[in-house]
Amino acid sequence: MTVNSRDDFAQWAIERTKSILTDQGSDLASAARCGDDARLGEAANALGQAIIDALLESFDGLIDDDRD
């Protein structure tokens, strides 16, 4: 996706958030229901990493724009 405006960025953020919550959020909820602390920790870490990855992805997009 090419982000050319604030609206494009907002749409990207919404779609990225939906993806993260669908994948890692459901894994975290499942782990919480099971009561498995190790699995819960892994799922929480995966959720945190997905958020970090999304932030870095958006930051990298800003850096690429500055280089042009």
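For the structure, check the block above.
About the thresholds
- Along each chain, residue indices are assigned from 1 in the same order as the chain's sequence is written.
- Predicted model: local features are reported for residues with pLDDT of at least 70 only, side-chain atom pairs are reported and counted for 80 or more only, and whole-chain, interface and lining totals are derived from all residues.
- Excluding hydrogens and water, the side-chain figures rest on all heavy atoms present in the structure.
- By definition, any uninterrupted DSSP run of H or I lasting at least four residues is a helix, any uninterrupted run of E lasting at least two residues is a strand, and each is numbered from the N terminus.
- Whether two residues are in contact is decided by their heavy atoms, any of which lying within 4.5 Å being enough.
- N or O atoms within 3.5 Å of each other form a polar contact, as long as, within protein, one can give a hydrogen and the other can take it, and as long as residues adjacent in sequence are counted only when both atoms are side-chain atoms.
- Between Lys or Arg on one side and Asp or Glu on the other, a salt bridge is scored when a side-chain nitrogen of the former is within 4 Å of a carboxyl oxygen of the latter.
- Only protein chains enter the accessibility calculation, which uses a 1.4 Å probe; a residue whose area is less than 20% of its type maximum is buried, one above 50% is exposed, and one in between is partly exposed.
- Multiply 1.5 Å by the residue count of a helix minus one, and that product is the helix's expected span.
- Throughout, the bend at a residue refers to the angle made by two axes, fitted to the seven residues ending there and to the seven starting there.

J.: Explain the environment of Ala-31 to me, please; I cannot follow it from the model alone.
T.: One can find Ala-31 in helix α1 (residues 6-34). Through-space distance from the C-alpha of Ala-31 to that of Ala-43 is 7.1 Å; in sequence the pair is 12 residues apart. Discounting chain neighbours no more than four positions away, the residues touching Ala-31 are Asp-36, Arg-39, Leu-40 and Ala-43.

J.: So what exactly am I meant to see when it comes to the side chain of Ser-58 here?
T.: With respect to the secondary-structure elements, Ser-58 resides in helix α2 (residues 37-67). A polar contact is formed between the side chain of Ser-58 and the backbone oxygen of Leu-55, at a distance of 2.8 Å. Non-local contacts of Ser-58, meaning those with residues more than four positions away in its chain, are made with Phe-9 and Trp-12.

J.: Could you clarify how one ought to interpret the pattern of salt bridges in this entry?
T.: Two side chains bearing opposite charge may form a pair once their charged atoms approach each other closely. What the rule picks out here adds up to two salt bridges. For Lys-18, the salt bridge identified is with Glu-15, shortest N-O distance 3.9 Å. With Lys-18 and Glu-15 both in helix α1 and three residues apart, this pair spans about one turn of that helix. For Glu-15, a relative accessible area of 40% puts it in the partly exposed group. A salt bridge links Arg-16 to Glu-57, with the shortest nitrogen-to-oxygen separation between them at 3.2 Å. Separated by 41 residues along the polypeptide, Arg-16 in helix α1 and Glu-57 in helix α2 bring together distant segments of the chain. Residue class for Arg-16 comes out partly exposed when judged on its relative accessible area of 22%. The class of Glu-57 is partly exposed, set by a relative accessible area of 38%.

J.: What is the right way to read α1 from this model?
T.: Residue pairs spaced three or four apart in an α-helix point in one direction, given the helix's 3.6 residues per turn. Given a rise of 1.5 Å per residue, 29 residues ought to cover 42 Å, and the 40 Å separating the end C-alpha atoms of α1 matches this to within 8%. The largest bend along α1 measures about 30 degrees and falls at Leu-21. Along α1, the residues classified as buried are Trp-12, Ile-20, Gly-25 and Ala-31.

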